[in-house]
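Observations on the three-dimensional arrangement
Read off the chains here:
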Amino acid sequence: LAKTTQPISMDSYEGQEVNITCSHNNIATNDYITWYQQFPSQGPRFIIQGYKTKVTNEVASLFIPADRKSSTLSLPRVSLSDTAVYYCLVNRNNDMRFGAGTRLTVKP
Amino acid sequence: DAGVTQSPTHLIKTRGQQVTLRCSPKSGHDTVSWYQQALGQGPQFIFQYYEEEERQRGNFPDRFSGHQFPNYSSELNVNALLLGDSALYLCASSLYRDTSYEQYFGPGTRLTVT
């Protein structure tokens, strides 16, 4: 599976849009890109998944360029409760590996 | 619809002992994966079970073993515990034939080895 690289930490303020970019240069044709959110002492929670172009759900958008070597998770109008660690993963079939994640801190 | 459940919530063991952790998958799921998460790090894949067989394994020693039962629930066993085994152990369930492979995680078991 392709290794992912994302910023270690990010700060934002309530009401702002947050964009977290992840690089996955060696992504393969059959791989999906998935993002998870994790709060302290809880299991990760699925946010969004995509293969190409743009995917949007009720909590986030995922932008994937044509070469699929990177992806950007967009969180609109974050609140204090969005403070968490966000993981970008590349998964294929039933294989999925986590990296270190991005620690997002939302300030009032 | 119950999600993924894990037991116990917390556990304290002594170095050298053995421990068994349990997981019940989300209703309708047939695959269980186990992860170890040390403090401040991302979850590390231990192994995955489907149809009562270990299908994939991460870089963990043989001290870590598992089992899946006919009802899809699973156990993680760790023998000869080391201090470094202290971590949050996460169970995740999924549907093996689901090409998107979305995993649902349980709340985890916090293991402390003293």
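Below you will find a few notes about this structure. (Residues numbered from 1 in each chain as written. Chains lettered and ligands numbered in written order. Predicted model: local features only at pLDDT ≥ 70, side-chain atom pairs only at ≥ 80, totals over all residues. Heavy atoms only, no water.)

Now for the sheet that holds strand E7 (residues 70-75) of chain A. All names here are of chain A. The antiparallel open sheet is built from 4 strands, whose spatial order is E2-E7-E6-E5. Single-partner strands in this sheet number two, and they are strand E2 (18-23) and strand E5 (53-56). With strand direction ignored, the average angle separating the axes of adjacent strands in the sheet is 15 degrees. Inspection of the sheet shows E5 paired to strand E6 (residues 61-64) by 4 bridges, in the antiparallel sense. (Pairing = 2+ DSSP bridges. Helix = DSSP H or I, 4+ residues; strand = E, 2+ residues; numbered from the N terminus. Axes fitted to C-alpha atoms, helices over the stretch in contact; angles between N-to-C directions.)

Within the element layout of this structure, Asp-31 of chain A appears in the loop between E2 and strand E3 (32-38). Looking at Asp-31 of chain A, its side chain comes within polar contact range of the main-chain nitrogen of Ala-28 of chain A, at 2.9 Å. (Polar contact = N/O pair within 3.5 Å; in protein donor to acceptor, adjacent residues only side chain to side chain.)

Attention now moves to the nonpolar core. Nonpolar side chains in soluble globular proteins tend to be buried together. Residues Trp-35, Ile-47, Leu-73, Leu-75 and Tyr-86 of chain A are the most contacted members of the largest nonpolar core, which totals 21 residues. Listing elements by their share of this core, those giving two or more residues are E2, E3, strand E4 (45-50), E6, E7, strand E8 (84-92) and strand E10 (102-107) of chain A. Looking at which element gives the most residues to this core, the answer is E8 of chain A, with 4 residues. Judged by nonpolar contacts, the second largest core, of 20 residues, contains Val-32, Val-78, Tyr-89 and Leu-111 of chain B. (Core = buried A, V, L, I, M, F, W, Y, C linked by side-chain atoms within 4.5 Å. Buried < 20%, exposed > 50% of the residue type's maximum accessible area, 1.4 Å probe, protein only.)

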